Amino acid sequence: MRLSNCPVNRNLVIAPGYFLMEIETPEIAAEAQPGQFVMIKTREGREPLLRRPLSLHRVSSTSIELLYQVIGKGTQALSQTRPGEFLDLLGPLGKPFPLPASSSGIILLVAGGIGIAPLLALAEQISERLKVKGQRSKANLKIHLLYGAKTKAHLVRISDFQKMGIEVSTITDDGSGGRKGLATDLLRKFLVSPHGNISAAYACGPRPMLKTVAQLTRNKTVPVYLSLEEMMACGMGACLGCSVRARASGIKYLRVCQDGPVFLAEDIILD
Amino acid sequence: MRLSNCPVNRNLVIAPGYFLMEIETPEIAAEAQPGQFVMIKTREGREPLLRRPLSLHRVSSTSIELLYQVIGKGTQALSQTRPGEFLDLLGPLGKPFPLPASSSGIILLVAGGIGIAPLLALAEQISERLKVKGQRSKANLKIHLLYGAKTKAHLVRISDFQKMGIEVSTITDDGSGGRKGLATDLLRKFLVSPHGNISAAYACGPRPMLKTVAQLTRNKTVPVYLSLEEMMACGMGACLGCSVRARASGIKYLRVCQDGPVFLAEDIILD
Amino acid sequence: MNLKTKIGRLVLQNPILVASGCFGYGEEYAPLLDLSRLGGVVTKGISLKPRPGNSPPRLAETPAGLLNSIGLENVGVDRFIEEKLPFLRKQKACVLVNIFGESLGEYRKLAEILDDIDGIAGLEVNISCPNVEKGGLEFGVKPDSTRKVIETVRGKTSLPVLAKLSPNVTDIVEIARAAMQGGADGLTLINTLKGMAIDVKTRCPKLARGIGGLSGPAIRPVAVRMVYEVSRKLAAPVIGAGGIDSTEAALEFFIAGAGAVQIGTGFLINPRLPLTIIPELVGYLDNQGLKGIESLVGNIPADKPKRRKK
Amino acid sequence: MNLKTKIGRLVLQNPILVASGCFGYGEEYAPLLDLSRLGGVVTKGISLKPRPGNSPPRLAETPAGLLNSIGLENVGVDRFIEEKLPFLRKQKACVLVNIFGESLGEYRKLAEILDDIDGIAGLEVNISCPNVEKGGLEFGVKPDSTRKVIETVRGKTSLPVLAKLSPNVTDIVEIARAAMQGGADGLTLINTLKGMAIDVKTRCPKLARGIGGLSGPAIRPVAVRMVYEVSRKLAAPVIGAGGIDSTEAALEFFIAGAGAVQIGTGFLINPRLPLTIIPELVGYLDNQGLKGIESLVGNIPADKPKRRKK
Ligand SMILES: Cc1cc2nc3c(=O)[nH]c(=O)nc-3n(C[C@H](O)[C@H](O)[C@H](O)COP(=O)(O)OP(=O)(O)OC[C@H]3O[C@@H](n4cnc5c(N)ncnc54)[C@H](O)[C@@H]3O)c2cc1C
Ligand SMILES: Cc1cc2nc3c(=O)[nH]c(=O)nc-3n(C[C@H](O)[C@H](O)[C@H](O)COP(=O)(O)OP(=O)(O)OC[C@H]3O[C@@H](n4cnc5c(N)ncnc54)[C@H](O)[C@@H]3O)c2cc1C
Ligand SMILES: Cc1cc2nc3c(=O)[nH]c(=O)nc-3n(C[C@H](O)[C@H](O)[C@H](O)COP(=O)(O)O)c2cc1C
Ligand SMILES: Cc1cc2nc3c(=O)[nH]c(=O)nc-3n(C[C@H](O)[C@H](O)[C@H](O)COP(=O)(O)O)c2cc1C
Ligand code: FES
Ligand code: FES
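Residues numbered from 1 in each chain as written. Chains lettered and ligands numbered in written order. Predicted model: local features only at pLDDT ≥ 70, side-chain atom pairs only at ≥ 80, totals over all residues. Heavy atoms only, no water.

With that settled, the discussion passes to the relation of the copies chain D and chain C. Rotating chain D by 180° and translating it 0.0 Å along the rotation axis places it on chain C, where the RMSD comes to 0.0 Å. Taken together, the turn and the small shift mark the pair as related by a two-fold rotation axis. (Least-squares fit on C-alpha atoms with pLDDT ≥ 70 in both.)

Below is the structure:
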């Protein structure tokens, strides 16, 4: 984990309010694993005061890519950063996605909105690993992305998934891309339709979506991983600010930044 | 007086740490008089929180020019403003320089550092007025600028003064332009050397300079005008934050923003 | 949309006021905004005799905050009535007069004098100024003296009386209760927090007086908390103030329990702010399906925070 | 340059510490900075039994500030000694243990337990946490209970004892005096200010607990003022904290009278900050012609502020 000032290579709008940023940072890239995140000082000074957590969207050997949605001050400032300007990064932070244990069956990725961000890095890692191991065959392992977004324009990076042979089902709030509905509607449908064995599921998106994913998969015996968001100050496990309730006897909290951001659905209670 | 959002036409370095900014603002320009100032929101948001006061350096029919030195956050932010960007201005504020009553004799302008800023507008106004009145002749009225700065590079706009036929004497802290010393050294020398009648003096610069100007001219019967600086919040006379002690019996304060920023030296006590 | 709001007996056409000390006596602002469209204006603190205020520098900027040590410079009540009030009356502003005394006697006298005067909607009793040697904060940090000052003013005026309280106390509820017991129609929360800033180049305080009063967005969380505590625990009518620099900031106060708000530092920076907030407030109420400002006041839907959907 | 500083009997190699609650137990930060180079580290508040803390959300950002309602989540003193302290000892950090009890008895027990333990430079007694139901702020807002807690701890330990005071009081000097009378070696000023922020979309407080503690640059003027008041009026050794996010900010505290400073929120944002400040502090002392940090503490040259020359 590093603290360093890194130059921005690219920072482009790729959908309404969505930006793709590439940052040159060999040291962070070298350590970075899908599911982890970085804490970025989005602007010098005290406005906003805190760093902002953003997931690794893609990792190359010398740079990382971030995919972010402009929400408020921090992401607004980020969106105005020009190539060549420097940003202060802390990372990589948090625990990576655990990779599927089995190399057969179906791996489900469930993305809601900007929740697509960490899933691309994960998909690339899984594909890469299979390629290296030479194990990949259509029969053995299938990745299926269930992807919901606001409008068709907000469905980003689909061809990148498809290039890896991943099947993509989409749905939008307004019906402009795929049916009208939520990512969880796709999941609900998928679970009742005939399909092979699911060997793992990974979900990232708004909290209500994650809650529904947890409910829908409650009876499954396969691991269901949720990537959570919570307000963060340090991002390093020190301030205890980013808690999520643990499914344990008594009251116990886990730190999203350090014990997560990826959790097994069965380990946590989402309020 | 107006509150309006105006586009920046130009913003250029003209000396180390000195910027010249032109802002398109017909409404403010129409009302603006030399000696007055504007309050600028140097950057959106709360950092810095307050507007910053800057003198009118030059007024044209549709725009104003500001000459400013980068000191801290506010002027730093200002220096990064690009042409085409908008700035929120409040102005023109304060009382203008009273023009010399007599149209003969010597008018002294004393500038220390960035204190040159309002004096150009004043010089232009006096010259203009004389031209209009057709009264100007070398014999009747002479303007003499006594100008001190840190280095030769910080002596700016000299040719603009000279173009109007103004005699310019310079001095610098390091001796790189003119003798080594302060603007007040020039004044001291001027006052003891043979010269015509001084009909008015106008000074702008750091407070110690203004104090010395007031001392050196204490026995003169001509009006000596000092342009003061003080921390300001409203710039409009409402908050009573920008006080200067009045030379009155008992304790009484004047508002630099509303009763000034130009004061007769004899009316105030500089601490 | 109904923006009318009541603070005890004080009825305001809308809940957006300008705070004391940030408006002067209004002359300066009339060219920029129609004063009659404001919910109200609070004058600079007025004392029995004119006061010169403290030595300069009187202002310093801090992170998202402003320190001031004006020290209640003002023209005194007589000149206020003669020279300043007629103008405000002409502008049809709803005028609250902020009064300040160094003793109970001075408060009493001020109340007496102002009771007879036309064009005053109410009195705001300042027992919370941190920038004066005598009076001011002294009264406002103890329940007893708070109650006494308010009783004294109350006894001499038929105008609505607001008590302007200081945040520099251990228990704001206790002070607020005393002010209400003293007969206040409502409370203005908060005045400035005592603070200090030092210029490290000179190693001297930035304010000549050393300590001053902190205002601006920096203090907003403290102000919102005090409004919440007081309006929950006492059900007292509250006017909120402290760091309002946007519609969103004003909304925090209404939701916390304020029936109206005052804008101080935010107004110094942007004199048009109040008139920007009014229509945005209407838009918000519409959006939230609320009929008027009164249905927003203190309206926190549940005990638990609901996470915001992006 | 001599950066050594003394807070009562507590001797620190330099005056830059990390504040309680912003450092965890240090494991996380060891890869980023050499803990032995810090003046000291203050652990997260430790209680007798482990505490789960409050429900989330526990954090909210405000203008130049941070609201938190962690609620003293901690592993309890036993696990702290077994699992956390050995690491800090190995890193050669100068460790101050921040302790928190719900009763005098708990404070006594904690002091007893920690007195015997190796690798602890001192205790910081937290009587100022706004985020817990019992104990915490309750003790720290009254002189009597303040003195009693400190006496109790003092009676059971030979370690230097610091009292960490709350700014949520009317008279900080009175509380500080009581803590010193109770036998404190020094005072840590300040803990967080009670504050609240509301999400206007949901109309709910941003923190699940409603009210939390405000830290960060927003509160710095309040902290500097309290350090100044206490060190002037009591000549008590003070560690300053509140909004330090730069060398300049740290300097304000030294000049106001703090013998050392703690960095909390500023450290969360930039964990390298303390190690940036140390050399810059040396540069400043050089520049000002001062021989060491002790000659800077409380060194305000005159009563009147000198205007800064540009
Ligand atoms: C581990 C993690 C990974 C994330 N990855 C991505 C990503 O890849 N792409 C993306 O667009 N978004 C991501 N987010 C969300 C992103 O951090 C927020 O959208 C962003 O911080 C909003 O900041 P803002 O200043 O623009 O908005 P604000 O107006 O400040 O905040 C809007 C909302 O964003 C959240 N937020 C603000 N500050 C923080 C903070 N310091 N920590 C956590 N949440 C905060 C709060 O819920 C707040 O209500 C991630 C969040 C976490 C915790
Ligand atoms: C009427 C008037 C006219 C001025 N005209 C000019 C000009 O034409 N060109 C020029 O370069 N400078 C001018 N100044 C000074 C200029 O306002 C300050 O240099 C500027 O505000 C510094 O802001 P900053 O954020 O860069 O520095 P900061 O680091 O914030 O402040 C540095 C110093 O600047 C002064 N300052 C900061 N904020 C204010 C404020 N709101 N009001 C007044 N002073 C402040 C303080 O003395 C402070 O110590 C003028 C000042 C006044 C009062
Ligand atoms: C420059 C200045 C002068 C003030 N003068 C007074 C005053 O005379 N009487 C008073 O009751 N409050 C006074 N206040 C306090 C404000 O009315 C208000 O309560 C406080 O500033 C918090 O609001 P804000 O953050 O919006 O400024 C003054 C504040 C400022 C900044
Ligand atoms: C997230 C967080 C947790 C904190 N936990 C504690 C604590 O356990 N014990 C304590 O005495 N102070 C605690 N504090 C207060 C800090 O130690 C410090 O006094 C305060 O934040 C002011 O300093 P700052 O502005 O530099 O953060 C905490 C502060 C924060 C922000
Ligand atoms: S953000 Fe500090 S512990 Fe997670
Ligand atoms: S700056 Fe407000 S009165 Fe001058």
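What follows continues from the structure just given.
All names here are of chain D. Bridge count between strand β6 (residues 65-68) and strand β14 (residues 212-215): three bridges; the pairing is antiparallel. Looking across to β14, one finds that Asn68 is bridged to Gly213. As judged from the three bridges shared by strand β11 (residues 193-195) and β14, these two strands associate in the antiparallel manner. Its bridge partner lying in β14, Leu193 is registered against Leu214. (Pairing = 2+ DSSP bridges. Helix = DSSP H or I, 4+ residues; strand = E, 2+ residues; numbered from the N terminus.)

Quick look at the site of ligand 4 now. Residue and element names in this part refer to chain D. Taken together, 21 residues sit near ligand 4, with Ser20, Lys164, Gly216, Gly243 and Thr265 positioned nearest. Gly45 places a main-chain nitrogen or oxygen 3.1 Å from an oxygen atom of ligand 4. Residues that form the shell around ligand 4 fall into these classes: five nonpolar, 14 polar and two charged. (Near = heavy atom within 4 Å. Polar contact = N/O pair within 3.5 Å; in protein donor to acceptor, adjacent residues only side chain to side chain. Nonpolar A, V, L, I, M, F, W, Y, C, P; charged D, E, K, R; others polar.)

What follows deals with the state of the cysteines. Note: disulfide means a covalent bond formed between the sulfur atoms of two cysteine side chains. All names here are of chain B. Applying the stated rule across the entire model yields zero disulfides over all chains. Cys204 carries a free sulfur, and the closest cysteine sulfur to it, the one in Cys242, is 15 Å from it. Taking the relative accessible area as the measure of exposure, Cys204 reaches 5% and is therefore buried. (Disulfide = S-S within 2.5 Å. Buried < 20%, exposed > 50% of the residue type's maximum accessible area, 1.4 Å probe, protein only.)

What follows deals with the interface of chain D and chain C. In this complex, chain D contributes 54 residues to the contact, which on the side of chain C involves 54 residues. Of the roughly 5000 Å² buried at the junction of chain D and chain C (both faces included), carbon and sulfur atoms supply 62%. On the surface where chain D and chain C come into contact, there are two salt bridges. One can count 15 residue pairs in polar contact (both at pLDDT 80 or more) joining chain D with chain C. Within the residue set of the side of chain D that touches chain C, elements represented by two or more residues are β11, β12 (198-199), β13 (204-205), α6 (220-234) and α7 (247-256) of chain D. Sort the elements by how many residues they give to the side of chain D that touches chain C and α6(D) lands first, with seven residues. (Contact = heavy atoms within 4.5 Å. Buried area = accessible area lost by both parts, 1.4 Å probe. Salt bridge = Lys/Arg side-chain N within 4 Å of Asp/Glu carboxyl O.)

Residues and elements named next belong to chain A. Taken together, seven strands build an open sheet; the order of strands is β11-β10-β9-β8-β12-β13-β16 and the sheet is mixed. Looking at which strands have only one partner, the edges of the open sheet turn out to be β11 (179-180) and β16 (262-264). On the sheet, helix α5 (residues 183-192) packs against β8 (105-112), β9 (141-149), β10 (167-172), β11 and β12 (198-204) and is oriented at approximately 145° with respect to β9. (Axes fitted to C-alpha atoms, helices over the stretch in contact; angles between N-to-C directions.)

Residues and elements named next belong to chain A. For chain A, the assigned domains are domain 1 (2-93), domain 2 (105-228) and domain 3 (230-271). Taking the mean C-alpha position of each, domain 2 and domain 3 sit 23 Å from one another. Contact between domain 2 and domain 3 buries roughly 1000 Å² in total, counting both sides, with carbon and sulfur atoms accounting for 61%. Three residues stand out in domain 2 for area buried against domain 3, namely Arg207, Leu226 and Leu228, and they jointly supply 56% of the buried area on that side. At the boundary of domain 2 and domain 3, one finds two salt bridges. With a shortest N-O distance of 3.5 Å, Glu230 and Arg207 are connected by a salt bridge. (Domains from an automatic or database assignment.)

The residue after C:Pro56, namely C:Pro57, is reached through a cis peptide bond having omega -5°. On the secondary structure map, C:Pro57 appears in the loop between β4 (40-42) and β5 (59-62). A cis amide bond, omega 15°, links D:Leu189 with the succeeding residue D:Ile190. If you trace the backbone, D:Ile190 turns up in the loop between β10 (186-189) and β11. The residue B:Leu240 is not glycine, and still its phi comes out positive at about 65°. Secondary-structure assignment places B:Leu240 in the loop between β13 (224-227) and β14 (243-246). Residue B:Leu240 is classed as buried on the basis of its relative accessible area, which comes to 11%. With a phi angle near 50°, C:Ala235 is a residue other than glycine that sits in the positive phi range. Mapped onto the secondary structure, C:Ala235 falls in the loop between α6 (220-234) and β15 (238-241).

The partner chain A presents 27 residues to the 33 residues of chain D that form the contact. Carbon and sulfur atoms make up 63% of the surface buried where chain D meets chain A, a total of about 2500 Å² over both sides. At the junction of chain D and chain A, the tally comes to three salt bridges. Note that A:Arg46 and D:Asp245 form a salt bridge whose closest N and O atoms lie 2.6 Å from each other. Between the two partners, chain D and chain A, sit 10 residue pairs in polar contact (both at pLDDT 80 or more). Contributions of two or more residues to the side of chain D that touches chain A are made by β5 (59-62), β6 and α8 (265-269) of chain D.

Now for the packing of helix α5 (residues 172-181) of chain D against α6(D). Residue and element names in this part refer to chain D. Their axes nearest at 9 Å, the elements α5 and α6 cross at an angle of 55°. By the angle class used here, α5 and α6 are oblique. Judged by the sense of rotation from one axis to the other, the crossing of α5 with α6 is right-handed. Contacts between α5 and α6 involve Ile172, Val173, Ala176 and Arg177 from the former and Met226, Glu229, Val230, Lys233 and Leu234 from the latter. (Parallel < 35°, antiparallel > 145°, perpendicular 65-115°, else oblique. Left-handed = near helix turned anticlockwise from the far one by under 90°.)

For the rest of this paragraph, the subject is the sheet that holds β4(C). Note on sheets: strands pair through backbone hydrogen bonds, and any given pair is parallel or antiparallel. Residue and element names in this part refer to chain C. Within the closed barrel, the eight strands sit side by side as β3-β4-β7-β8-β9-β10-β15-β16. Their pairing is parallel. Strand after strand, the sheet turns through a mean of 25° between neighbouring axes, direction not considered. Here β15 runs beside strand β16 (residues 260-263); their pairing, made up of three bridges, is parallel. Residue pairing in the sheet places Gly240 in a bridge with Val261 of β16. Set on the sheet, helix α5 (residues 172-181) makes contact with β9 (161-164) and β10 (186-189); between it and β10 the angle comes to about 145°.

An ideal rise of 1.5 Å per residue puts 20 Å on 14 residues; helix α4 (residues 143-156) of chain D measures up with 20 Å between its terminal C-alpha atoms. Within the span of α4(D), buried status applies to D:Ser145, D:Thr146, D:Val149, D:Ile150, D:Thr152, D:Val153 and D:Arg154. (Expected span 1.5 Å × (residues − 1).)

Applying the stated criterion across every chain yields a total of 68 salt bridges over all chains. With a shortest N-O distance of 3.2 Å, D:Arg220 and D:Glu252 are connected by a salt bridge. Within this pair, whereas D:Arg220 is found in helix α6, its partner D:Glu252 is found in helix α7, the two being separated by 32 residues in sequence. Of the two residues, D:Arg220 and D:Glu252, both sit in the buried class. Within this structure, A:Arg10, A:Glu22, A:Arg58, A:Glu65, A:Glu124, A:Arg157, A:Asp160 and A:Lys163 form a network of salt bridges that share partners.

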